[in-house]
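Overview (structure and organization)
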Amino acid sequence: MPHLPMAEPMPTPGVMVSDPRADYTLLDSGGGRKLERYGPYQFIRPEPQAMWEPRTSDWQADGEFIPASDEDGGGRWHLNPNVPQDGWQLSWKEVSFNAQCTPFRHLAYFPDMDPVWRWIRGKLDGMEASQALNLFGYTGVGTLALSASGSNMVHVDASKKSVMQARNNAALSGMTERPVRWIIDDAAKFTAREVRRERRYDAILLDPPKYGRGPDGERWHLESDLAGLVENCGKLLDENSKCLFLTVYAVRMSPLALGGLLQEKLAHLGGQIEVGELAVREQARGRLLPTAIYARWSA
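A brief look at the structure comes next. If you're wondering where the values come from, they're calculated on a predicted model, not measured in any experiment. (Residues numbered from 1 in each chain as written. Predicted model: local features only at pLDDT ≥ 70, side-chain atom pairs only at ≥ 80, totals over all residues. Heavy atoms only, no water.)

**Quick word on the overall build of the protein chain**
Convention followed: Only DSSP runs of H or I with at least four residues qualify as helices, and only runs of E with at least two residues qualify as strands; both kinds are numbered from the N terminus onward. In this treatment the radius of gyration is a C-alpha quantity, and the globule benchmark scales as 2.2 Å times the residue count to the 0.38 power. A 1.4 Å probe rolled over the protein chains alone gives each residue an accessible area, and that area as a share of the maximum for its type sets the label: buried under 20%, exposed over 50%, partly exposed in between. The accessible surface values rely on the Shrake-Rupley method and a 1.4 Å probe; as for residues, cover is taken only from the protein chains in view. In summary, the charge assignment counts Lys and Arg as positive and Asp and Glu as negative, without counting His or the chain termini. To locate a charge, the coordinates of NZ of Lys, CZ of Arg, CG of Asp or CD of Glu are taken.
Check the secondary structure of the protein chain and you find six helices and 18 strands. In terms of overall dimensions, the protein chain is globule-like: its C-alpha atoms have a radius of gyration of 19 Å, near the 19 Å expected for 299 residues. Its C-alpha atoms give the protein chain principal-axis dimensions of about 60 × 45 × 40 Å. A buried classification covers 51% of the 299 residues belonging to the protein chain. Carbon together with sulfur atoms contributes 49% to the accessible area of the protein chain, which is approximately 14,000 Å² in total. Side-chain charges in the protein chain split into 34 positive and 38 negative, and the spacing between the mean points of these groups amounts to 2 Å.

So, in structure tokens, the structure goes:
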């Protein structure tokens, strides 16, 4: 392998913005809540970062998530009878998928990932049969977004239910024949095995939770386990790889910290490291509501 210069992080964090679109719009926000439209239905959810005043207090919604009094993320939905219990179909470019009000306050996909999928697709544009890995792939919208642009995908999630939902979304999209390996496994263990197998990828998408459990009870804790996982992901990339994208939600962590981690673990790859925040643009006033932090590497 030729000598490669050490990757340097960008000095100024950036912002990747999800704008209003047909499948999802942030209608208004403020007072610790947000009003969103998912297809034909509108919902109110808690949003601690919406510290400003909303444009209007007269929010009309088909449902609202009421958080529990503890800090464990619990709570329950209060839904109108018109909201389908089994979900409803939405789309992102070529991908069709099922949205649904989950016990975890979200709706079975993360609309602020729109610019992330676009960025990775851009990095892989022009490659024939690129190899991409989606760790913590959840319901597969990101996997299918990359598969639709021509990538051979490996989708990994510890939840059997989530992988089943992902496969159902592939069927909704007419993509059951696409080259996707659907794997129920602990992401850290799977990645370590891929390193031993000397596998390589052109792109890796990482969207780890703060806490989690693998299919055999493996424990995942972001602060203690992320560094080892990123190090192994670096071993799955080489001088011909294109990118790695890491997103982190709901933790007290800086994007500069993520950038420093990538700078250390991916130093052998050279290239460029950028850090910043994901945000959703509010339709009412155009304000940006931050949702997550990210660090990304590109060749």
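That was the structure; now back to the text.
**Remarks on the sheet that holds strand S4 (residues 33-38)**
Sheet strands pair via backbone hydrogen bonds, and the direction of the pair is either parallel or antiparallel. Here is the rule: For two strands to be treated as a pair, DSSP must find at least two bridges joining them. The axes are straight lines fitted to the C-alpha atoms, using for helices just the contacting stretch, and the angles between their N-to-C directions are given from 0 to 180°.
If you walk across this open sheet you meet the five strands as S3-S4-S5-S6-S7, and the pairing is mixed. Two strands close off the open sheet at either side, each with one partner strand: strand S3 (24-30) and strand S7 (75-79). The sheet shows a mean angle of 20° between the axes of neighbouring strands, taken without regard to direction. Here S3 runs beside S4; their pairing, made up of six bridges, is antiparallel. Within S4, the position partnered with Thr25 by the bridge is Arg37.

**What to know about unusual backbone geometry**
Positive phi outside glycine occurs at Arg105, with the angle close to 75°. Along the chain, the position of Arg105 falls in the loop between strand S9 (95-99) and helix H1 (114-124). A positive phi angle, close to 55°, is found at Tyr138, a residue other than glycine. Inspection of the secondary structure assignment puts Tyr138 in the loop between strand S10 (131-135) and helix H2 (141-147).

**Some points on the environment of Leu124**
Heads up, the rule is: Residues count as neighbours in contact if any of their non-hydrogen atoms are within 4.5 Å of one another.
Secondary-structure assignment places Leu124 in helix H1. Those residues in contact with Leu124 that lie beyond four places of it in its chain are Ser130, Ser151, Asp202, Ala203 and Lys242.

Purely geometric numbers; function is a separate question.
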